[in-house]
Amino acid sequence: MPQNILNVGAEAAKVNVLGLTQAGLEHLFSGMGEKPFRARQVMQWVHGRLADRFEVMTDLGAGLRAGLASIAEVRAPAIALEQTAADGTVKWLFRLADGNGIETVFIPEADRGTLCISSQAGCALNCSFCSTARQGYNRNLASHEIIGQLWTASARLRALGYSDRPVTNVVFMGMGEPLLNFEAVVSSLDIMLDDLAYGLSRRRVTVSTSGVVPAIHQLREACPVSLAVSLHAPDDALRNELVPINRKYPIAMLLEACRRYVGDEPRRRITFEYVMLRGVNDAISQARDLARVLRGVPAKINLIPFNPFPGSRYVCSERTRIDAFRDALLAAGIVTITRRTRGDDIDAACGQLAGEVRDRTRRSGKSADGITVHGP
Ligand code: SAH
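Residues numbered from 1 in each chain as written. Predicted model: local features only at pLDDT ≥ 70, side-chain atom pairs only at ≥ 80, totals over all residues. Heavy atoms only, no water.

Enquirer: I'd like a rundown of the overall build of the chain, residues and numbers included.
Expert: In terms of regular secondary structure, the chain is built from 12 helices and 14 strands. Principal-axis analysis of the C-alpha atoms gives the chain an extent of 70 × 45 × 40 Å. Residues classed as buried in the chain amount to 54% of the 376 residues present. Put simply, of all contacts in the chain between residues at least 6 apart along the chain, 67% involve residues at least 24 apart. Of the roughly 16,300 Å² of accessible surface on the chain, a fraction of 52% belongs to carbon and sulfur atoms. Averaging the coordinates of the 45 positive side-chain charges in the chain and doing the same for the 39 negative ones gives two points 2 Å apart. (Helix = DSSP H or I, 4+ residues; strand = E, 2+ residues; numbered from the N terminus. Buried < 20%, exposed > 50% of the residue type's maximum accessible area, 1.4 Å probe, protein only. Contact = heavy atoms within 4.5 Å. Areas by Shrake-Rupley, 256 points an atom, 1.4 Å probe, with all protein chains shown as cover. Lys, Arg positive; Asp, Glu negative; His and termini not counted. Charge placed at Lys NZ, Arg CZ, Asp CG, Glu CD.)

So this is what it looks like as structure tokens:
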């Protein structure tokens, strides 16, 4: 059936407008000989009203709608599984077109709704306490796959009876290292912040990084959203073990990048994430060391109780120890909170996301810094 084969080829070449910034859409329209302001209309339809077909975009002429449908599409990753936890946390497993699975989590709270999204299929960084690391790395997500998580979550939450704008905050704390997928992440940020799309403020969008120093500098130039840094240890010897990218970008270099990121913006602070591992990084002396290394960095600390997963070699610190660790940091003058574990009954908690990735890395062949990635 040659006709079918031709159609399949044409489908594959369509631009997915979910991943286009307003500037990208303007470019698309210019290429069609259309006025660039059409981009504004399409942004509003696709992200504001969550339209998935050009047919419904009635303020565009019929000819333009047909023209768009022949070269473009609005296609989000397919939902393979949707689960709701006892505490209202919702987790989606998405199946990407190439078969990889990624996960996204919505965390409702009284005053906000936070969506935790993935930036890569798997992760190459190999942090010793993270289950995403276990499944290896496959590839970067495209911007339409990143925005597709927000778009689908918004539509599903609406259908589940949440408010019209359920997602008020986005955190790049799902699978993957966002700063190793820089371009697609920055395009996605652009769309999230666009008033015609999701209209989120810079402060309500957080990129979490294990410490890719050059990209921290670049992010500051490109789109200075809130920054979270996975620190997890107060000294290089321990951090090398827990977060192997530290061998490439050690703590002093990382904290210097953090200071620069904040610059002289008043009230701006970096969030430092610190997973509580019993007998590994939870001694009170380590809390004091942590306070000392963070001196001079506008910081707040999120202590994350370790979430176990099958085969993990760590145990979570005892509650009393987490409290004492927090108190030591507070006494040193650092704003510290203990992150509440959410959605652990559906494996939606930090470090439990594992979307069945096809690993393309050969871990044994990897360099010691844990980030060199080879394709098959
Ligand atoms: N790669 C990015 C973002 C993803 S991880 C980063 O490293 O920041 C989001 C947070 O969950 C990170 O702070 C990560 O270190 C933490 N985390 C990973 N595994 C965990 C686990 N098993 N228990 C608790 N937190 C975990």
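From this point, the narrative continues.
Enquirer: Account for the sheet that holds strand β5 (residues 101–108), with residues named and values stated.
Expert: A sheet is described by the order of its strands in space; here 10 strands give the open sequence β3-β4-β5-β6-β9-β10-β11-β12-β13-β14, paired in mixed fashion. The sheet is open, and its two edges are formed by β3 (78–84) and β14 (335–338), each paired on a single side. On average, adjacent strands in this sheet sit at an angle of 20° to one another, irrespective of strand direction. Pairing of strand β11 (residues 226–230) with strand β12 (residues 270–276), which is carried by 3 bridges, proceeds in the parallel orientation. Opposite V229, over in β12, you have F272 as the bridge partner. Strands β11 and β12 of the sheet are contacted by helix α10 (residues 251–262), whose axis makes an angle of about 145° with β12. (Pairing = 2+ DSSP bridges. Axes fitted to C-alpha atoms, helices over the stretch in contact; angles between N-to-C directions.)

Enquirer: I'd like a description of the packing of helix α6 (residues 143–159) against helix α7 (residues 182–193), backed by residues and values.
Expert: Across the interface, α6 lies against α7 with an axial gap of 8 Å and an inter-helix angle of 40°. Taken together, the axis directions place α6 and α7 in an arrangement best described as oblique. Handedness of the crossing formed by α6 with α7: right-handed. On the side of α6, the interface is formed by S143, I146, I147 and L150, while α7 contributes A184, V185, S187, S188, I191 and M192. Here the residues of the contact of α6 with α7 sort into 7 nonpolar, 3 polar and no charged. (Parallel < 35°, antiparallel > 145°, perpendicular 65-115°, else oblique. Left-handed = near helix turned anticlockwise from the far one by under 90°. Nonpolar A, V, L, I, M, F, W, Y, C, P; charged D, E, K, R; others polar.)

Enquirer: Before we move on, can you summarise the domain arrangement of the chain with the specific residues and values?
Expert: Often, the extent of an interface is quoted as the loss of accessible area upon association of its parts. When cut into domains, the chain gives domain 1 (7–73) and domain 2 (78–363). Just the C-alpha atoms count here: the centres of domain 1 and domain 2 sit 32 Å apart. Taken together, the contact between domain 1 and domain 2 spans 16 residues of the former and 16 residues of the latter. Here domain 1 meets domain 2 over a buried area of about 1,300 Å², counting both sides, of which 65% is carbon and sulfur. (Domains from an automatic or database assignment. Buried area = accessible area lost by both parts, 1.4 Å probe.)

Enquirer: Explain the pairing of β14 to me, and be specific about the residues and the numbers.
Expert: Every second residue of β14 is oriented toward a common face, the buried set being T336 and T338 and the non-buried set V335 and I337. Note: strand β13 (residues 299–305) against β14, 4 bridges, orientation parallel. Opposite K300, over in β14, you have V335 as the bridge partner. In this region the chain leaves β13, passes through helix α12 (residues 319–331) and returns to the parallel neighbour β14; the handedness of that crossover is right-handed. (Right-handed = clockwise from strand over helix to strand, strands pointing away.)

Enquirer: Explain the site of the ligand residue by residue, including any values.
Expert: Inspection of the region around the ligand gives 21 residues, with F129, S208, S230, H232 and N307 positioned closest. At a separation of 2.6 Å, an oxygen atom of the ligand approaches a polar side-chain atom of S230. Look at the ligand: alone it shows 540 Å² of surface, and the protein chains cover 96% of it. Put simply, the parts of the chain that give the shell around the ligand at least two residues each are β10 (205–209), β12 and β13. Residue composition of the shell around the ligand, by class: 10 nonpolar, 9 polar and 2 charged. (Near = heavy atom within 4 Å. Polar contact = N/O pair within 3.5 Å; in protein donor to acceptor, adjacent residues only side chain to side chain.)

Enquirer: Could you give an account of the confidence of the model for the chain, with specific residues and numbers?
Expert: Of all residues in the chain, 90% have pLDDT values of 70 or greater, and the mean over the chain is 90. Confidence drops under pLDDT 50 across residues 1–7; counting only partners more than four residues distant or on other chains, this segment forms 0 contacts. Here residues 362–376 is a poorly scored stretch, pLDDT under 50, and it has 34 contacts once near neighbours within four places are set aside; other chains count. (pLDDT = per-residue confidence, 0-100.)

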